[in-house]
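# Results of the structural survey
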Amino acid sequence: METFRQFDRDPNHKNWLKGIMVLEDLQDCLKPFIEDETEKLHEDLRNICGPRQCDNNCNPKYQGPNQNPVFNCDVCPNWRKEIQNKHKSGKLMWKNSEAHEWSRDKWAVSKVYMPDGHKKHNSIDDFDIHSFLTLINQCKNFQRFELGELCNKVLNVRNRMMHSPRYQLDQEDLLDFLDRIRDLGDQLSKKNSGFKKLAEDINEILNLNFRLVETEELERMENAIYTAVQLANEYRDNQDSLNEVVVKLEQCISERDSQILVLRQRNKTQQKKHDWEIQRLQSALVHETTEHRNTKVQLENLHRELQEEKKMRSDEQKYWPRWREFTWRNWEIQNDPVKSLIKKEDLAGGLFAVLGGLLLALFAILK
Ligand SMILES: [Zn+2]
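Just so we're clear, the structure is a prediction, and the values are computed from it rather than from any experiment. (Residues numbered from 1 in each chain as written. Predicted model: local features only at pLDDT ≥ 70, side-chain atom pairs only at ≥ 80, totals over all residues. Heavy atoms only, no water.)

### Concerning the overall build of the protein chain
If you tally the helices and strands in the protein chain, you get ten helices and zero strands. The helix and strand sequence of the protein chain, counted from the amino end, reads α-α-α-α-α-α-α-α-α-α. Carbon and sulfur atoms provide 53% of the accessible area of the protein chain, an area that totals close to 25,700 Å². (Helix = DSSP H or I, 4+ residues; strand = E, 2+ residues; numbered from the N terminus. Areas by Shrake-Rupley, 256 points an atom, 1.4 Å probe, with all protein chains shown as cover.)

### Examining the pattern of salt bridges
Taken as a whole, this structure holds 19 salt bridges when the rule is applied. Residues Glu37 and Arg144 are paired through a salt bridge, measuring 2.7 Å at the closest nitrogen-oxygen approach. Here Glu37 is found in helix H2 (residues 11-49), whereas its partner Arg144 is found in the loop between helix H5 (129-138) and helix H6 (150-162), with 107 residues between them in sequence. A residue is classified by how much of its surface remains accessible, and Glu37, at 4% relative accessible area, is buried. Judged by relative accessible area, which is 38%, Arg144 ranks as partly exposed. One salt bridge in this structure joins Arg160 and Asp173, with 3.6 Å as the shortest N-O distance. Of this pair, Arg160 sits in helix H6 while Asp173 sits in helix H7 (residues 171-189), placing them 13 residues apart in sequence. Since its relative accessible area comes to 22%, Asp173 is described here as partly exposed. Each of the salt bridges in this network shares a partner with another, and the network as a whole consists of Asp8, Lys14, Arg211 and Glu217. (Salt bridge = Lys/Arg side-chain N within 4 Å of Asp/Glu carboxyl O. Buried < 20%, exposed > 50% of the residue type's maximum accessible area, 1.4 Å probe, protein only.)

### Some details on the nonpolar core
One finds Leu30, Ile34 and Trp102 to be the most contacted residues of the largest nonpolar core, which totals 59 residues. Every element with two or more residues in this core is listed here: H2, helix H3 (76-85), helix H4 (106-110), H5, H6, H7 and helix H8 (198-206). Apart from residues lying up to four places away in sequence, Leu30 is in contact with Ile129, Phe132, Leu133, Ile136, Leu188 and Phe195. (Core = buried A, V, L, I, M, F, W, Y, C linked by side-chain atoms within 4.5 Å. Contact = heavy atoms within 4.5 Å.)

### So, the packing of aromatic side chains
Evaluated as defined, the whole model comprises eight aromatic pairs. Both rings, one in Phe33 and one in Phe195, keep their centres 5.4 Å apart while their planes meet at 80°; by these two values the pair is edge-to-face. Placement of Phe33 in helix H2 and of Phe195 in the loop between H7 and H8 is noted, with a sequence separation of 162 residues between them. Residue classification places Phe33 among the buried residues on the basis of a relative accessible area of 1%. (Phe/Tyr/Trp six-rings, centres within 6.5 Å; stacked < 30°, edge-to-face > 60°.)

### What about the packing of H7 against H8?
H8 packs onto H7 with a crossing angle of 165° between their chain directions and a minimal axis gap of 9 Å. With respect to H8, the axis of H7 lies roughly antiparallel. Handedness of the H7/H8 crossing: right-handed. Contacts between H7 and H8 pair Gln171, Leu174, Leu175, Leu178, Ile181, Arg182, Gly185 and Asp186 from the former with Leu198, Ala199, Ile202, Asn203 and Leu206 from the latter. (Axes fitted to C-alpha atoms, helices over the stretch in contact; angles between N-to-C directions. Parallel < 35°, antiparallel > 145°, perpendicular 65-115°, else oblique. Left-handed = near helix turned anticlockwise from the far one by under 90°.)

### Overview of a nonpolar patch on the surface
Taken together, the side chains of Leu218, Met221, Ile225 and Val229 present a nonpolar region at the surface, about 340 Å² in accessible area. Looking at where Ile225 falls in the secondary structure, it is placed in helix H9 (residues 215-334). What makes Ile225 exposed here is its relative accessible area of 52%. (Patch = residues over 30% accessible without salt bridge, like charges linked within 9 Å, V, L, I, M, F, W, Y side chains within 5 Å.)

### Notes on a negative patch on the surface
A grouping of Glu234, Asp237, Asp240 and Glu244 is seen on the molecular surface, where their side chains present a negatively charged patch. By secondary structure assignment, the location of Glu234 is in helix H9. Residue class for Glu234 comes out partly exposed when judged on its relative accessible area of 46%. (Lys, Arg positive; Asp, Glu negative; His and termini not counted. Charge placed at Lys NZ, Arg CZ, Asp CG, Glu CD.)

### Brief notes about the coordination of the zinc ion
Of the protein atoms, only Cys54 (SG), Cys58 (SG), Cys73 (SG) and Cys76 (SG) coordinate the zinc ion, at distances of 2.2 to 2.3 Å. Written as a sequence motif, the donor residues of the zinc ion are C-x3-C-x14-C-x2-C. Placement of the pair is Cys54 in the loop between H2 and H3 and Cys76 in helix H3, with a sequence separation of 22 residues. In terms of burial, Cys54 and Cys76 fall into one category: buried. (Donors = N, O, S within 2.8 Å, 3.2 Å for Na, K, Ca; no water.)

### A short note on H5
Residue pairs three or four apart in sequence face the same way in an α-helix, which turns once every 3.6 residues. When you tally the buried positions in H5, you get nine out of ten residues, the bulk of the element. Buried within H5 are the following residues: Ile129, Ser131, Phe132, Leu133, Thr134, Leu135, Ile136, Asn137 and Gln138.

### Section: the environment of Asn12
The residue Asn12 is located in helix H2 in this model. Assessed through its relative accessible area of 27%, Asn12 is described here as partly exposed. Considering only alpha carbons, one finds Asn12 and Asp170, 158 residues apart in sequence, at a separation of 5.2 Å. When residues no more than four places from it in sequence are discounted, the contact partners of Asn12 are Tyr167, Gln168, Leu169, Asp170 and Gln171.

Spelled out as structure tokens, the structure:
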């Protein structure tokens, strides 16, 4: 486990891992590319050699690159010749495949341009990046991509990575290696869109800040994350509940505001009525006060008149007998002695009798 922890602590170990990841990324980009190009290669050879396939199960013993094996058919020799014609440089690895397969299987042809050790490999996933780059380097069909020394430079990267004694890579070498791989990808992307994302992936891996974590620690971290997510969900639920309460409270406040508005309006109307009523009562009070004052004046006048009347009557009662006696004596002296016998009361009674007679006569006429 110390080795594991050392890998996590040492930045050069991590650089080495980054280099491996970029090679893996390059290999993923190369797979569909190689799949297509080997198909085209086999089709080219089939066009030259014809559609016939070997029916003699040719598999002559490998006799070295400069010796011509003996075939028991007229198909395989043509294929061998054309495979050689497509060869650009390096060492043809005839023993990677059996001759009778050349006319049938593209991998049987392609493996001849690859390093040794692929005799039993027959699909794209069987080959490593070293095989792909060697194939590209050795087969003329890849010349149209104008790769120059780019493949060799990347092959050098791969070899130095694989042969690093302590699986370490310093930062300077890492940057150099990634530049080489990026250059190869950029050149291939000119004619194949499958490499366009490689440069972006390389930058992501270069800037990757990662840790190597034991499973138990990872489980602890996952549990912590799970707990955190649970808490976050609970918090969110609580938040939702609080939001509902807030919405209800806001509705209540809104309703109360509406009620207050109505009450204020009503109060305003009542106040206005009240003011009108007070104004009316004040007017009435002023009117009543004026009336009262007038009445008081009238009463005072009446009272004064009454007092005067009383005073006059008092004076009359006080002075009348004397005045009557005086006037009566004067009248008796000045008038007939017969008339002097008529008393004042008699005179009044006579006057009433005459007036009564006149009234009776008037009623009789009206009837
Ligand atoms: Zn044959």
